[in-house]
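Fold and contact review
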Amino acid sequence: MLSRSVPACLAFGFGLLLASASSAAVSEVEGNNVLAAANALTPVGGGLLVEGALQPGDVDFYSFSVSAGDFVTLAVVDSGRGSHADPALRVFDASNAVVATDDDSGPGFLPSLRLIVPSGGGGTWKVAVTGFGDADFDGSGHSEDFDYELVIGAEPPAFAEPSPDNNDTPALADSLGSGTFETIAPGSVAVIEGALEAGGIDHFSFPVEAGRQLSVAIYEEGAGAFNDPVVSLLGPAATPIASDDDSGPNFLSALFGDPSANATWTVKVGPFDGDQDAYPYRLVLALGPANATNVLVCDANGDDFIDRNDINLIFAARGQSVPAGDPRDANADGLVTVQDSRLCTAECGNAQCAPPPPPPLAGCGLLGIEPFALLALVGGVRRCARALRRNSQEDPS
Amino acid sequence: MIRRPFVLALALLALATAAVRDASALVLSFSPTSVPANVGDSVSVDVVATALGTDVIAGFDLDVLFDPSILAPTSVLFGTGLGDPSLFEALTSFGFTPGVVDFAEVSFLTTSELDALQSEPLTLATLGFDVIGPGLSALSFRLDAANLVVDGDGNTLEVVTRAGSVGNAVVPEPSAALVFAAGAALIAARVRRARAAA
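Since the structure is predicted, the reported quantities are computational estimates derived from the model, not experimental observations. (Residues numbered from 1 in each chain as written. Chains lettered and ligands numbered in written order. Predicted model: local features only at pLDDT ≥ 70, side-chain atom pairs only at ≥ 80, totals over all residues. Heavy atoms only, no water.)

The next point concerns the interface of chain B and chain A. Counting from both sides, the interface comprises 30 residues of chain B and, opposite them, 16 residues of chain A. Of the roughly 1700 Å² buried at the junction of chain B and chain A (both faces included), carbon and sulfur atoms supply 63%. Inspection of the region where chain B meets chain A yields 1 salt bridge. A salt bridge links Arg318(A) to Asp61(B); its shortest N-O distance comes to 2.9 Å. Linking chain B with chain A are 8 residue pairs in polar contact (both at pLDDT 80 or more), by the criterion used here. (Contact = heavy atoms within 4.5 Å. Buried area = accessible area lost by both parts, 1.4 Å probe. Salt bridge = Lys/Arg side-chain N within 4 Å of Asp/Glu carboxyl O. Polar contact = N/O pair within 3.5 Å; in protein donor to acceptor, adjacent residues only side chain to side chain.)

And the structure:
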């Protein structure tokens, strides 16, 4: 989504879609406070919902099976949408090595992760849910007490771009077809596996429906630290609809489109400014529920939390005429302008629209690059800030 | 005699009113106003805001129009009056289309932070151009529903714009020659007439 942003948002949205699949819900069985006692989850596939509870000193472990190439989505959802509860996630691979850790990439204080299982990395992975303050994920040091829903999805891409590709123009776009989208009530999601060749451009076309908001996000194994894709949306006859460079984590892209009519749209993936880098990526397309409505003004990404990611999206949409009710149109004049961007900065949930995202603790951090030292510093600062925030909440005086 | 001072007072009052009205509007202009340049030169022009009064600028989206047969835009460098984008204090964006430089910035800083940061003249951005053709290109602002300046509360600020220019005015050689020839003919005719009279 979008902030941890666009990725976190999309992941959260993706998580909410999955969370709606009540038929795939299981409950936590306590006694799962160590890796070896993890609750074994049935194949999680497109989405599994785990209903659990954290108490002070508690940590919950779950295990699930993944295969190389799977796109793994994990998110914690609580009834307060991260306003007060502050859980954290850590993922371990089959050898119990830490794959990724996340604290607040979701809305509010909720964590959210997206990962690509590397080649040879399949097997039984584990995920731990604990509270903020438990740096070691052993239950100590946190006093969180709340019920939560853990959403886990692990699936191979719905479509793999042929190699070498032949989709360098909109006319040659790889057609995804509606069957590519997995229907996960109330929306649909498709993960596309692609690879940018040096100097190449990829196009994928697919049907969209009027009123179903389309979210597009791109990920790659470096979490955008080194590669800089640009993602564009094209309408019928290759009409430009939207384009984005860096609204995702680091140099990754994320954007939204609002189809006003049933049509075939095309997503274009290209390099920034003539870059010649070649790298694999995952493109996540999510179609929202029919007749979806965003009622929270300024909440451009629909995560019920207004932050820098929303301002990014509103700023990027300058000059667009939008229908009534569009959350980007803060002054409701039918046109998105810099005025809407500024009006929405006043609505941000955190000062200065929240600090910038920290280096990818999580994200798609399977590169093996774990900037622990920097994270420790960032973590310390954030802890101080959070402690101050909590004190101010608890003590109205 | 009594009327004259009264009329004068009215005129002064009108002038003062006009001055006050103008002072309440933010002024956008180019600095320098006129940039002499020849083909092949690279020039830069600041877009500056003055007459801020008690206002702060918290966001702007501006189009600068130019003659694309004379100028080719090369860069937009944003000022720091709305915060430092590299410190996540502001968002910036710009783009070039034929004859138009579109650039925008919105600040995440509070009104009081902006107030402490901004002083006149406030440089919003520095535009870079290559001079690719002969002549003088006017620089002007286009303000409309999508191109505007807002204050810390998101209110649209009233703006007065001043045009600028880049290049060299082309001397109308044929016209000058004609005027010169006409003048010479006139003088010659007078001389002839004077001689004939003598």
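Further remarks concern the state of the cysteines. Residue and element names in this part refer to chain A. Considering all chains together, one arrives at 1 disulfide over all chains under this definition. Disulfide pairing places Cys 298 opposite Cys 344 at an S-S distance of 2.0 Å. Where Cys 298 bonds to Cys 344 through sulfur, the torsion about that S-S bond is close to -80 degrees, and the disulfide is left-handed. Of the two residues, Cys 298 is situated in the loop between β21 (279-287) and α2 (308-316) and Cys 344 in helix α3 (residues 338-345); the sequence distance between them amounts to 46 residues. Taking relative accessible area as the criterion, Cys 298 reaches 2% and is therefore assigned buried. (Disulfide = S-S within 2.5 Å. Helix = DSSP H or I, 4+ residues; strand = E, 2+ residues; numbered from the N terminus. Buried < 20%, exposed > 50% of the residue type's maximum accessible area, 1.4 Å probe, protein only.)

All names here are of chain B. In space, the 5 strands of this open sheet follow the order β5-β8-β3-β1-β11, with mixed pairing throughout. The open sheet is flanked by β5 (71-78) and β11 (159-161), the only strands paired with a single partner. The mean angle between the axes of side-by-side strands here comes to 25 degrees, regardless of whether they run parallel or antiparallel. Across 5 bridges, strand β1 (residues 26-31) lies against strand β3 (residues 42-50) in antiparallel orientation. When the bridges of β3 are listed, Val 27 appears paired with Thr 50. (Pairing = 2+ DSSP bridges. Axes fitted to C-alpha atoms, helices over the stretch in contact; angles between N-to-C directions.)

Turning our eyes to something else, we now look at the packing of aromatic side chains. The full count for this structure, using the stated rule, is 11 aromatic pairs over all chains. With 5.8 Å between their ring centres and 55 degrees between their planes, Phe181(A) and Phe206(A) make a pair best called tilted. Residue Phe181(A) is found in the loop between β12 (174-175) and β13 (182-184), and its partner Phe206(A) is found in strand β15 (residues 202-208); the two are separated by 25 residues along the sequence. Taking the relative accessible area as the measure of exposure, Phe206(A) reaches 1% and is therefore buried. An aromatic cluster of three or more residues is present, and its members are Phe60(B), Phe78(B) and Phe103(B). Against the face of Phe108(B) rests Arg308(A), its NZ or CZ located 4.3 Å from the ring centre. Arg318(A) extends its terminal NZ or CZ atom over the ring of Phe315(A), reaching a point 4.5 Å from the ring centre. (Phe/Tyr/Trp six-rings, centres within 6.5 Å; stacked < 30°, edge-to-face > 60°. Lys NZ or Arg CZ within 6 Å of the ring centre and 35° of its normal.)

When charged atoms on two side chains of opposite charge get close, those side chains can pair. In the structure shown here, the tally under the stated rule is 5 salt bridges over all chains. Arg142(B) is the salt-bridge partner of Asp63(B), the closest N and O atoms lying 2.8 Å from each other. One end of the pair, Asp63(B), is in strand β4 (residues 59-65); the other, Arg142(B), is in strand β9 (residues 136-142), with 79 residues separating them in the sequence. The exposure class assigned to Arg142(B) is partly exposed, which follows from its relative accessible area of 35%. One network of salt bridges, in which partners are shared, links Asp258(A), Asp326(A) and Arg328(A).

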